[in-house]
Structures are given as structure tokens and as C-alpha cells.
Amino acid sequence: MPRLILTGALLAALVTLAACAPKPPAGGGSFRQAGADIWSNAVTAPAALAGTWRQVATFADAEGAGCAPGFVTFTPAGSALGAEGRLCLNGRQAAFRGPLVPTGPGRLRPAGQVQVPLGQDWWLLWIDVDVRTVVVGTPSGDFGFILNRDARLPADRATAAREILDWNGYDTARLRGF
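Analysis parameters
- Residues numbered from 1 in each chain as written.
- Predicted model: local features only at pLDDT ≥ 70, side-chain atom pairs only at ≥ 80, totals over all residues.
- Heavy atoms only, no water.
- Helix = DSSP H or I, 4+ residues; strand = E, 2+ residues; numbered from the N terminus.
- Buried < 20%, exposed > 50% of the residue type's maximum accessible area, 1.4 Å probe, protein only.
- Contact = heavy atoms within 4.5 Å.
- Disulfide = S-S within 2.5 Å.
- 1 Å grid on protein atoms, 1.4 Å probe; cavity = no way out; pocket = protein on both sides within 12 Å on 5 of 7 lines; lining within 4 Å.
- Points joined across faces, edges and corners; volume = space filled by probe spheres on them.
- Nonpolar A, V, L, I, M, F, W, Y, C, P; charged D, E, K, R; others polar.

Asker: Would you mind going over unusual backbone geometry in detail, with residue names and values included?
Answerer: Between valine 116 and the following residue, proline 117, the backbone shows a cis peptide bond with an omega angle of 10 degrees. In this structure, proline 117 sits in the loop between strand E6 (113-114) and strand E7 (122-127). Positive phi, normally seen in glycine, also occurs at asparagine 90, with a value near 50 degrees. With respect to the helices and strands, the residue asparagine 90 is situated in the loop between strand E3 (80-89) and strand E4 (92-104). Overall, the relative accessible area of 31% leaves asparagine 90 in the partly exposed class. Residues other than glycine seldom take positive phi values, yet valine 131 does so here, at roughly 55 degrees. Summarising the element assignment, valine 131 is placed in the loop between E7 and strand E8 (133-137).

Structure representation (C-alpha cells):
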């Protein structure tokens, strides 16, 4: 009987220690907390996104973004959205060209030629009321970025974008501006 009590106490101590251990990022390189809720709250007509957007921030493991800021050009294409661009994602350039097909409110799925990891659904986490800034993320947390109509993101929208990413489980300490 004493052996069972000792084993139970040891097991309880190990479980407690394991619960206190730091958790590794989800998915190996995810920029989001595993299991965190995420919402695509940005509901807008695809035509509202038409034009060229500048990448003003991205997530990266190392200090600095590791590559030049990218861009995305959106073109309305019926219920879909044509897209062409190049983005800096975790220190690497990723290019794409093709349609983004709506899969739900504020959610777009690339259907053309895209580099990894851009083939995942893009969730529009936030668009400011005047459609000047867009925050894009994924449930996997493999990437996230902020687009702006021009290369200068005002402080109020930068703060709002950071808060939205944080609220959606992103590790904003790893968000890098350009």
C-alpha cells in the first residue's frame, strides 16, 4: 500500500511539473498559440479590396523581417478575387498568382500557383472601416501579415492591427514591421 501512495504522489508531482513547462509553438513554426480561437471578422465585398496593397509587417523568428516587404494586387473577378503578389514570410519571399475564392465570411482560398505556405486559407482578421489596412492570418499560424494601401502604416492602425493579432492568438513579439 505505501508503494501505491508513493507512486501516486510521484505521478502527481510529474503531472504538475509538466503543466508548468513552457509549451513549444504549435505546428513547429507556428506564430499562433495552439488551440487559440481565431475569427475572420472582416466581411467586405471583394471589389473593396481592388488595387495594390503594400506589406507593412510580417511574422518572423529572427529580428528584422529577413527580406524586403512585399505587395499584393487584388482584382475583382466575379465572386472571386484575382491576386498577384510577393510576400516576405518568416524571412523568405513567397510569390503567387491566381484567384482567391471565398470559402466563408472573411476567408479566401488561393486556387492558383502559390508557394508554401500561401496555399492555406487566408483569413481576413480585420479591415479598418475605410479599407486602408488589412490583417491576414491563418488558423495554423504558419503566417500572418499586415497590408496597407501605402507603405506607411499610421500608429493608430498599427496598434489596432497588433491588438487584433494578439486577440487571435498570435505571438505579437514576433511581428516585424518594415
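Asker: Quick one: what's the story with the environment of glutamine 55, residue by residue and with numbers?
Answerer: Note on placement: glutamine 55 falls in strand E1 (residues 51-59). Separated by 16 residues in the primary sequence, glutamine 55 and phenylalanine 71 place their C-alpha atoms 5.3 Å from one another. Those residues in contact with glutamine 55, other than ones at most four positions away along the chain, are Pro69, Gly70, Phe71, Leu87, Cys88, Leu89, Phe145, Ile146, Leu147 and Phe178.

Asker: Hey, could you go over the state of the cysteines for me, with residue numbers and the actual values?
Answerer: Applying the stated criterion to the full structure yields one disulfide. The partner cysteine of cysteine 67 in its disulfide is cysteine 88, sulfur to sulfur 1.9 Å. Looking down the S-S bond of the cysteine 67 and cysteine 88 bridge, the torsion is 105 degrees, so its handedness is right-handed. Of this pair, cysteine 67 sits in the loop between E1 and strand E2 (71-77) while cysteine 88 is found in strand E3, placing the two residues 21 residues apart along the sequence. Across the pair, cysteine 88 and cysteine 67 agree in class, each one buried.

Asker: Could you give an account of the layout of surface pockets, with specific residues and numbers?
Answerer: In this model, the largest pocket occupies a volume close to 200 Å³. Gly29, Phe31, Leu89, Asn90, Arg92, Gln93, Ala94, Val116, Pro117, Asp142 and Phe143 together form the lining of the largest pocket. Top element by residues in the lining of the largest pocket is E4. It accounts for three residues. Looking at side-chain class alone, the lining of the largest pocket contains six nonpolar, three polar and two charged residues.

All quantities given are derived from atomic positions and should not be read as evidence of function.
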